[in-house]
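The chain contents come next:
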Amino acid sequence: MVILIYCFFKSFIPNNHFKIAMLVLAFAFLIEFLQLVNILEMFNLQNNHLVKLILGSTFQISDVVAYTLGILTVIIFELKLKNEN
C-alpha cells in the first residue's frame, strides 16, 4: 500500500523522492500506531465499517515491517533509476 501511495504523490511531485518516501512512511506509521491506541473506540467508530476499512482496527508489528520494506524498495528503485541516467 505504501508503494501505491508513494506513486500517487510522485505523479504530482516529480522531485524529492526521498522526502516523499519518508512522508508516506510517517503517514503509514501514524495510521498503524493510531490502531495501537484504539482510535476507533476513542471516537466511538468501532461499528463504522467504512472507517474500519480505511483506518484498520488492529495494530500489527508485521505491518510496520512491511511498510518499511516497501519504502526501502521504492528508495532502492529510485536510486537505481537515477544512476542509470
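Every value quoted in this text rests on a predicted model; they were computed, and no experiment measured them.

Engineer: Help me get a handle on helix H1 (residues 2–12), residues and values and all.
Structural biologist: By the burial criterion, the buried members of H1 are Val2, Tyr6 and Lys10. Seen from one end, H1 has its buried residues packed into an arc of 70°, which puts them on one side. Residues of H1 that are exposed and point over 90 degrees away from its buried face: Leu4, Ser11 and Phe12. Residues of H1 that are buried in the fold lie against helix H2 (17–36) and helix H5 (61–84).

Engineer: Before we move on, could you go through unusual backbone geometry and cite the residues and values that matter?
Structural biologist: One can expect most non-glycine residues to show negative phi and most peptide bonds to be in trans. One non-glycine residue, Asn16, adopts positive backbone phi at about 60°. Assignment of secondary structure puts Asn16 in the loop between H1 and H2. Phi is positive for Asn38, which is not a glycine, with a value near 55°. Its place among the elements puts Asn38 in the loop between H2 and helix H3 (39–42). Residue class for Asn38 comes out partly exposed when judged on its relative accessible area of 36%.

Engineer: Explain the side chain of His17 residue by residue, including any values.
Structural biologist: Within the element layout of this structure, His17 appears in helix H2. Under the relative-accessibility criterion, His17 is labelled buried at 17%. Apart from residues lying up to four places away in sequence, His17 is in contact with Tyr6, Lys10, Glu78 and Leu79.

Definitions and cut-offs
- Residues numbered from 1 in each chain as written.
- Predicted model: local features only at pLDDT ≥ 70, side-chain atom pairs only at ≥ 80, totals over all residues.
- Heavy atoms only, no water.
- Buried < 20%, exposed > 50% of the residue type's maximum accessible area, 1.4 Å probe, protein only.
- Helix = DSSP H or I, 4+ residues; strand = E, 2+ residues; numbered from the N terminus.
- Arc of directions from axis to C-beta.
- Contact = heavy atoms within 4.5 Å.

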